[in-house]
Amino acid sequence: MKKSLLILGSFLVLSAGTSFAAAPLNNLANEQTAVGATGDTVYIEHKFGDRFTLGYQASDRDYYGDMKDVYGQYQFSQNVRGIVGNRNFDYHDSEMYLGLGLQGALAPKIDGSAAFIAGDEFKEVQIGTAFQLASNVDLNVTYTNFMPDEGRDKDQVEVGATFKF
C-alpha cells in the first residue's frame, strides 16, 4: 500500500507540472540532525519534536548562481510532508515557496521520496532514493529538475551522502 501511494503521488506531482525541494527528504528521529551533500547542494536540518523539521541548504545552479534556502517541513503523516521556504537567488531577490513531499520505504533499508516546491518565479521537482549504509549514514541518489520561469531548465542526477546525529 505504501509503495502504491508513493508511486501514485510521484505520478501526480510530475503530471501537475510543479516540483520539489533540492535537499533529500530525510527520515529523522525527534531532535536528530542531518548534514549532507548531494551534487552541487549542501544542507543541514534538524527535527524539532514529532512533526517539524527546520533546514538550510546552499546550491550552485551553474547559470543561476548560488541559491540559499531556509525551509521548514511539517510532517502530516508518516509519508506526507508540507514544505514552506524562502530561496535567496544571486541574480534577483529572495522568493517564498510552498511544496509537498512524499516518502516511504521501498525495501528494507531503502527509502524512496518525491518532493515538489513552487514559487512565483520557479518550480523544482526531485525524485530520490536513500540507501541506509549504516544506522546514521545514507547514500542518496536523486533526480532534480529546476524550472525557472525565465531561462533554461536544469535536469541532473546526483549522488550524495547524509550523516545523521
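To keep things clear, this report deals only with the structure shown in the data block. (Residues numbered from 1 in each chain as written. Predicted model: local features only at pLDDT ≥ 70, side-chain atom pairs only at ≥ 80, totals over all residues. Heavy atoms only, no water.)

1. Description of the overall build of the chain
Along the chain, the regular secondary structure elements total 1 helix and 10 strands. When the 165 residues of the chain are sorted by exposure, 45% land in the buried category. Within the structure as shown, the chain displays about 8100 Å² of accessible surface, and the carbon and sulfur contribution to it stands at 61%. (Helix = DSSP H or I, 4+ residues; strand = E, 2+ residues; numbered from the N terminus. Buried < 20%, exposed > 50% of the residue type's maximum accessible area, 1.4 Å probe, protein only. Areas by Shrake-Rupley, 256 points an atom, 1.4 Å probe, with all protein chains shown as cover.)

2. Description of the nonpolar core
Of all hydrophobic cores here, the largest spans 12 residues; its members are Ala23, Leu25, Tyr43, Met67, Tyr71, Ile83, Phe89, Tyr97, Ala115, Ile117, Phe122 and Phe146. Of all the elements in the fold, those that place two or more residues in this core are β4 (66–75), β5 (80–89) and β7 (110–119). (Core = buried A, V, L, I, M, F, W, Y, C linked by side-chain atoms within 4.5 Å.)

3. Regarding the pattern of salt bridges
Per the stated rule, a full pass over the model turns up 6 salt bridges. Taking the shortest distance from any N to any O, the salt bridge between Asp149 and Lys123 comes out at 3.6 Å. With Asp149 in the loop between β9 (137–148) and β10 (154–164) and Lys123 in strand β8 (residues 122–134), this residue pair connects regions lying 26 residues apart in the sequence. Among the ionic pairs, Asp138 bridges to Lys164, the shortest N-O distance being 3.0 Å. Placement of Asp138 in strand β9 and of Lys164 in strand β10 is noted, with a sequence separation of 26 residues between them. In terms of burial, Asp138 and Lys164 fall into one category: buried. (Salt bridge = Lys/Arg side-chain N within 4 Å of Asp/Glu carboxyl O.)

4. Some details on the sheet that holds strand β1 (residues 33–38)
As summarised here, the arrangement of the 10 strands in space is β1-β2-β3-β4-β5-β6-β7-β8-β9-β10, forming a closed barrel in which the pairing is antiparallel. Recorded for the sheet is a direction-independent mean angle of 20° between the axes of neighbouring strands. (Pairing = 2+ DSSP bridges. Axes fitted to C-alpha atoms, helices over the stretch in contact; angles between N-to-C directions.)

5. A look at the packing of aromatic side chains
A full pass over the atoms with the stated rule returns 5 aromatic pairs. Seen in terms of ring centroids, Tyr97 and Phe122 are 6.0 Å apart; in terms of plane orientation they differ by 75°. Their pairing is edge-to-face. Here the residue Tyr97 occupies a position in strand β6 (residues 95–107), and Phe122 occupies one in strand β8, the gap between them amounting to 25 residues. Across this residue pair, the class does not change: Tyr97 and Phe122 are buried. What links up through ring pairs into an aromatic cluster is the set Phe89, Tyr97, Phe122 and Phe146. (Phe/Tyr/Trp six-rings, centres within 6.5 Å; stacked < 30°, edge-to-face > 60°.)

6. Digging into the environment of Gly104
Position of Gly104 relative to the elements: it lies in strand β6. Between the alpha carbons of Gly104 and Asn79 there is a distance of 5.7 Å; along the sequence they are 25 residues apart.

7. Here we look at the side chain of Asn26
Among the secondary structure elements, Asn26 is positioned in the loop between α1 (2–16) and β1. Within the structure, the side chain of Asn26 is placed 2.9 Å from the side chain of Glu45, a separation counted as a polar contact. (Polar contact = N/O pair within 3.5 Å; in protein donor to acceptor, adjacent residues only side chain to side chain.)

8. As for a nonpolar patch on the surface
A surface patch of nonpolar side chains, amounting to about 1000 Å² of accessible area, comprises Val35, Ile44, Phe48, Phe52, Leu54, Tyr56, Val70, Tyr74, Phe76, Phe163 and Phe165. Listing elements by their share of the nonpolar patch, those giving two or more residues are β2 (41–48), β3 (52–60) and β4. Considering each element in turn, the nonpolar patch owes the most residues, 3 residues, to β3. Tracing the backbone shows Phe52 in strand β3. (Patch = residues over 30% accessible without salt bridge, like charges linked within 9 Å, V, L, I, M, F, W, Y side chains within 5 Å.)

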